[in-house]
Amino acid sequence: MLRATLMAACTTGLFCAGFAFVISQIAPMLTNTQVLTTSFVSGFLGSVVAQMLIKR
């Protein structure tokens, strides 16, 4: 269980880091609401991707 939790956390972290890098390239053009929305989407998608990879 601990191994799966750590794998999910690392996978989510890596996904969010990549997503944040892409967003940082266009961030000056975004409003605060758009940045918050993008952050939510990043966390949500990172979690979904991690769960999909861990269950395989």
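Considering the overall build of the chain
Tallying secondary structure elements over the chain gives 2 helices and 0 strands in all. What you see for the chain is a C-alpha radius of gyration of 13 Å, clearly larger than the 10 Å of a compact globule of 56 residues, by over 25%. With the C-alpha coordinates aligned to their principal axes, the bounding extent of the chain is approximately 40 × 15 × 15 Å. Within the span of the chain, comprising 56 residues, buried residues form 12% of the whole. Surface accessibility of the chain: about 4400 Å² in total, with carbon and sulfur atoms responsible for 73%.

What to know about helix α2 (residues 32–55)
Spanning 24 residues, α2 covers 35 Å between terminal C-alpha atoms, matching the ideal 34 Å at 1.5 Å per step. Buried within α2 are the following residues: T38, S42, G46 and A50. Next to the buried residues of α2 lie α1 (2–26).

What counts, and at which threshold
- Residues numbered from 1 in each chain as written.
- Predicted model: local features only at pLDDT ≥ 70, side-chain atom pairs only at ≥ 80, totals over all residues.
- Heavy atoms only, no water.
- Helix = DSSP H or I, 4+ residues; strand = E, 2+ residues; numbered from the N terminus.
- Rg over C-alpha atoms; globule rule 2.2 N^0.38 Å.
- Buried < 20%, exposed > 50% of the residue type's maximum accessible area, 1.4 Å probe, protein only.
- Areas by Shrake-Rupley, 256 points an atom, 1.4 Å probe, with all protein chains shown as cover.
- Expected span 1.5 Å × (residues − 1).
- Contact = heavy atoms within 4.5 Å.

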